[in-house]
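# Structural overview for review
Chain by chain, the residues:
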Amino acid sequence: MKIAVAPTVMLLDLIVFGIVPAPKVVASVVLVCLGIGIATVTDSTLVKHFYGICVGAAATLITALYQMWAGSKQKELQASSMQLLHQYTPQAALILGLLIPLMEPVGWASLTGNAAAAGNGKTILSYQYTPAAVAVIFVSAVLGLLVSLSTFLVIGCTSSLTYNVVGHLKTVIILTGGCMFFGDEMPPKKLLGVGVAMAGIVWYTQLKIGSAQAKLAAKAAEPLQLVVSDSSNGGSSSTNSARYNSSTGVDEGIMSPASLISPSMGTAKPRIVTTADKAVAALYYKPAASAVLPALHRPNR
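Residues numbered from 1 in each chain as written. Predicted model: local features only at pLDDT ≥ 70, side-chain atom pairs only at ≥ 80, totals over all residues. Heavy atoms only, no water.

## Some points on the layout of surface pockets
Each pocket or cavity is described by its volume, and for the largest pocket that value is around 450 Å³. Examining the composition of the lining of the largest pocket, we find that five residues originate from one element, helix 3 (residues 50–77), more than from any other. For the lining of the largest pocket, a count of residues per class yields 11 nonpolar, six polar and three charged. (1 Å grid on protein atoms, 1.4 Å probe; cavity = no way out; pocket = protein on both sides within 12 Å on 5 of 7 lines; lining within 4 Å. Points joined across faces, edges and corners; volume = space filled by probe spheres on them. Helix = DSSP H or I, 4+ residues; strand = E, 2+ residues; numbered from the N terminus. Nonpolar A, V, L, I, M, F, W, Y, C, P; charged D, E, K, R; others polar.)

Shown next, in the form of structure tokens:
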């Protein structure tokens, strides 16, 4: 059911936040899930027990909601991954502490010395804790903490959907590493699934990189848009005029039409469009830049 978490996240994003994913993103995620399914699903009978299907569906839904909550709360509270983990861990430990006696064989009979009733060391209280066992439990706890921290880090920096794609990449690495280092078999069906999943992961990565570059280009074009707006108004404002240094022949910059307000001080900070801003704007918006930039170097008379 873990394969169904990524499609569930996309569906919940659409229902809860109204986020419509791009068709190419949907296709890449479907390709990843299809590949993981081919590589890992070995049971030909998927539906055996209705109760098991209900439990699996509930676990998938809760996992998707949990991942979306982790991302939305980090952005809403402007909290770091460590801060969110610090607030989340005590509550999770309390819930697990209450559920353990209900779900796990605790072995209360071992307190009375009845080894047969206690399960012969197979319960929590009757188990013989050696230093090696305690060390393994401690290392496991530390690794679990790091897994939770990495979960918040990845979701906070990207999204819950990207986190699921990274999780499928981990599955591919496990399958490939088991074959390369531990002698596990790699039948054609598993190899085909690994290849399909990797194709989907690479496709998804390229789509996200392209989207990030487009956002950076749009942000870099903002100074040029301000200059275009100012030049369309005739450039009559004294605060928006170019400062030309006659001794050096260099245009020292242009004040943008809008002022940036500092959130901490509450005072206006004029934004100066530098030569570097012009170069970036010319790179991404050559037609507009060719019409506007020559006017920027005329001295202010």
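## Focus on the nonpolar core
Among the nonpolar cores identified, the biggest contains 21 residues, and Val9, Val29, Leu161 and Tyr204 are the most heavily contacted of them. Sorting the residues of this core by element identifies helix 1 (5–17), helix 2 (23–40), helix 3, helix 7 (160–181) and helix 8 (188–220) as the ones contributing at least two each. Broken down by element, the residue count for this core peaks at six residues, all from helix 2. Leave out the neighbours within four places in its chain, and valine 9 touches Ala64, Gln67, Met68, Ser160, Leu161 and Asn164. Grouped together as the second largest cluster of nonpolar side chains are six residues, Ala70, Leu85, Leu149 and Phe152 included. (Core = buried A, V, L, I, M, F, W, Y, C linked by side-chain atoms within 4.5 Å. Buried < 20%, exposed > 50% of the residue type's maximum accessible area, 1.4 Å probe, protein only. Contact = heavy atoms within 4.5 Å.)

## Describing unusual backbone geometry
For glutamine 78, which is not a glycine, the phi torsion comes out positive at approximately 55°. Inspection of the secondary structure assignment puts glutamine 78 in the loop between helix 3 and helix 4 (81–103). According to the relative accessible area criterion, glutamine 78 is exposed, its value standing at 67%.

## Comments concerning the confidence of the model for the protein chain
Model confidence for the protein chain is summarised by a mean pLDDT of 76, while 67% of its residues fall at 70 or above. Note on residues 234–270: pLDDT is under 50 here. Beyond four places in sequence and across chains, it has 59 contacts. Of the regions scoring below 50 in pLDDT, residues 287–301 engages in 22 contacts with residues more than four places distant in sequence or in other chains. (pLDDT = per-residue confidence, 0-100.)

## Side note on helix 1
When the terminal C-alpha atoms of helix 1 are compared, their 17 Å separation across 13 residues agrees well with the 18 Å that a helix rising 1.5 Å per residue should span. Burial in helix 1 covers these residues: Val5, Ala6, Thr8, Val9, Met10, Leu12 and Asp13. Elements in contact with the buried residues of helix 1: helix 2, helix 3 and helix 7. Phi turns positive, to about 70°, at glycine 18, one or two residues after helix 1. (Expected span 1.5 Å × (residues − 1).)

## Digging into the side chain of glutamine 74
For glutamine 74, the position within the fold is in helix 3. Taking relative accessible area as the criterion, glutamine 74 reaches 8% and is therefore assigned buried. Residues within four places of glutamine 74 in sequence aside, it is in contact with Ala79, Ser80, Ser81, Leu84, Phe152, Ile155 and Gly156.

## Observations regarding a nonpolar patch on the surface
On the surface, a cluster of nonpolar side chains totalling about 710 Å² of accessible area is made up of Leu96, Ile100, Ile124, Leu125, Tyr127, Tyr129, Val134 and Ile137. Along the polypeptide, isoleucine 137 turns up in helix 6 (residues 131–157). For isoleucine 137, a relative accessible area of 47% corresponds to the partly exposed category. (Patch = residues over 30% accessible without salt bridge, like charges linked within 9 Å, V, L, I, M, F, W, Y side chains within 5 Å. Areas by Shrake-Rupley, 256 points an atom, 1.4 Å probe, with all protein chains shown as cover. Salt bridge = Lys/Arg side-chain N within 4 Å of Asp/Glu carboxyl O.)

## Examining the packing of aromatic side chains
According to the stated counting rule, one finds five aromatic pairs in the structure shown. When the ring of tyrosine 66 is compared with that of tyrosine 88, the centres are 6.1 Å apart and the planes differ by 40°; the resulting orientation is tilted. With tyrosine 66 in helix 3 and tyrosine 88 in helix 4, this pair connects stretches of sequence that are 22 residues apart. On the basis of relative accessible area, tyrosine 66 is assigned to the partly exposed category, the value being 27%. Relative accessible area serves as the criterion here: at 24%, tyrosine 88 is assigned to the partly exposed category. Geometrically, the ring pair formed by tyrosine 88 and phenylalanine 152 is edge-to-face, given 5.6 Å between the ring centres and 90° between the ring planes. Linking tyrosine 88 in helix 4 with phenylalanine 152 in helix 6, this pair joins segments that are 64 residues apart in sequence. (Phe/Tyr/Trp six-rings, centres within 6.5 Å; stacked < 30°, edge-to-face > 60°.)

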